[in-house]
Amino acid sequence: MIEDLIPKVKQMIIDSLRIEGMSPDEIETDAPLFGEGLGLDSIDALQLVVAMEKEFGVVVPDAATGSTVFASVRSMAGYIEEHRK
Amino acid sequence: MICWMFPGQPIAFADTPSDDPEFKKTALLCQKTTGFNPLEIHTSASALSQSVRLQLLGSCVSLHRANQLTRQGSGADLLAEHSMGIYPALSASGSIDNATALALTWRIGVSVAEMGLQREYALGCVIGLTCEVLETIAANNGIYIANHNTSRHFLLAGEREKVDAALVEAMASGAFSISSFPCDAPLHTPLIEEITGKLQRIVAEYNFLEPRIPLVEHIAQTTLTAATIPRFLVEELCRPVYWETTYCFLRSHGVTRFQEVGVGSALSKFNRWIDSES
């Protein structure tokens with residue numbers, strides 16, 4: 001279930017991006033991760049790709065796919081739900 | 001052991017701490033020294049190229065941040081630099097003063113910018129490919145890897161059409177992302193060698209003191225001295241930045257904390273990636 005994945009995705013973001021002083025509850029589920037919101041960039045994107053593959057076995061093949069997947073925590077959880085084996 | 005890291009030129013104009021009276025002092029020094037005021041980035045010194053103004057903005061923010069940290073009593077045991085971050089890094093080391101750092105940023109920036117009057121150049125950011133794959137692509141297209149930032153983050157430099165072709169090839173080879181930026185000159189490539197005489201003459205006009213804080217350079221990870229600084233300032237523009245090697249060198253020599261002193265957090269993010277692989 002996507003709702004069950006959401007806190008795990010938030011924790012993965014915090015851990016993989018080494019965001020200090022932020023708890024999972026402080027990340028908005030539907031807020032944009034790039035640009036506004038958390039202000040992530042393409043360097044962060046590849047770090048999240050690796051973390052998603054490591055933790056959930058899900059591959060994000062390129063930045064074009066990534067721009068959809070990393071739109072928000074909810075879209076990440078949805079992609080994981082859809083693609084994990 | 002604490003290391004201050006001085007990043008290179010920002011790729012876009014960033015917000016400045018315009019309300020900070022100390023930054024205003026640095027901005028005024030920049031205006032007096034170079035004609036460019038970073039508090040008026042879109043209107044000041046419009047004759048300067050965007051790259052030169054970005055370089056000056058980067059130097060101003062780094063100089064301000066270093067002064068701020070010093071005032072707060074947060075010192076550095078070691079200094080490191082990436083690309084054009086060398087000028088504020090030299091100032092932080094005590095080798096030159098802030099005005100000289102800004103003058104060097106400006107004069108060297110303007111000199112390399114003249115290359116852009118003859119040809120169009122670009123930088124190409126490639127994320128996701130290995131160095132071996134990218135070296136082949138760069139060679140296929142007659143361009144160069146200018147920055148080795150991590151095992152998967154590289155910057156290409158060369159003539160604009162060739163960089164664009166290389167980026168298409170990189171994407172077809174499985175790069176995660178690509179992006180290109182116009183620039184005045186192919187910094188950190190052998191193409192700069194055609195103007196080394198002019199650069200040497202500029203650098204020779206300045207006096208460099210022995211750094212009081214050790215400053216580790218990004219080519220061979222040596223500690224710069226008053227005698228080696230002039231040569232490095234020219235050589236570094238003709239050779240790639242090896243950031244991953246520099247970071248690993250610093251870590252293996254006892255640095256436990258890295259503080260990025262300038263615009264953005266790209267170096268900290270590169271370090272995070274390198275750590276994740278070790």
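Q: I'd like a rundown of unusual backbone geometry, residues and numbers included.
A: All names here are of chain B. In this structure, Ala-45 takes a positive phi of about 50° despite not being glycine. Mapped onto the elements of the fold, Ala-45 is located in the loop between helix H1 (21-34) and helix H2 (50-71). For Ala-45, a relative accessible area of 24% gives the class partly exposed. Here Ser-83, not a glycine, exhibits a phi torsion of approximately 60°, which is positive. Positionally, Ser-83 belongs in the loop between strand S2 (78-81) and helix H3 (86-93). Given a relative accessible area of 8%, Ser-83 falls into the buried group.

Q: Explain the interface of chain A and chain B to me, using residue names and the numbers behind them.
A: In this complex, chain A contributes 17 residues to the contact, which on the side of chain B involves 15 residues. If you sort the residues of chain A by the area they bury against chain B, Ile43(A), Leu46(A) and Gln47(A) come out on top, with a joint share of 45%. Linking chain A with chain B are four salt bridges, by the criterion used here. With a closest N to O distance of 2.9 Å, Asp275(B) and Arg18(A) form a salt bridge. Scanning the region where chain A abuts chain B turns up eight residue pairs in polar contact (both at pLDDT 80 or more). The element best represented in the side of chain A that touches chain B is helix H2 (residues 42-56) of chain A, accounting for eight residues. Tallied by class, the residues present in the side of chain A that touches chain B amount to nine nonpolar, four polar and four charged.

Q: If you had to explain the pairing of strand S1 (residues 2-6) of chain B to someone new, which residues and values would you point to?
A: All names here are of chain B. Burial analysis of S1 places four of its five residues in the buried class, the great majority of the element. Summarising the sheet, S1 and S2 pair through four bridges and their orientation is parallel. The residue bridging Cys-3 from the neighbouring strand is Leu-78, located in S2.

Q: Break down H2(A) for me, with residues and values.
A: All names here are of chain A. The end-to-end C-alpha separation of H2 is 21 Å, in line with the 21 Å expected for 15 residues at 1.5 Å each. Ile-43, Asp-44, Ala-45, Leu-46, Gln-47, Leu-48, Val-49, Ala-51, Met-52 and Phe-56 are the residues of H2 that are buried. Near the N-terminus of H2, the side chain that reaches the backbone nitrogen of Ile-43, with its oxygen 3.0 Å away, is that of Asp-41. In the segment just after H2, Gly-57 is the residue with positive phi, at about 70°.

The rules behind the values
Residues numbered from 1 in each chain as written. Chains lettered and ligands numbered in written order. Predicted model: local features only at pLDDT ≥ 70, side-chain atom pairs only at ≥ 80, totals over all residues. Heavy atoms only, no water. Helix = DSSP H or I, 4+ residues; strand = E, 2+ residues; numbered from the N terminus. Buried < 20%, exposed > 50% of the residue type's maximum accessible area, 1.4 Å probe, protein only. Contact = heavy atoms within 4.5 Å. Buried area = accessible area lost by both parts, 1.4 Å probe. Salt bridge = Lys/Arg side-chain N within 4 Å of Asp/Glu carboxyl O. Polar contact = N/O pair within 3.5 Å; in protein donor to acceptor, adjacent residues only side chain to side chain. Nonpolar A, V, L, I, M, F, W, Y, C, P; charged D, E, K, R; others polar. Pairing = 2+ DSSP bridges. Expected span 1.5 Å × (residues − 1).

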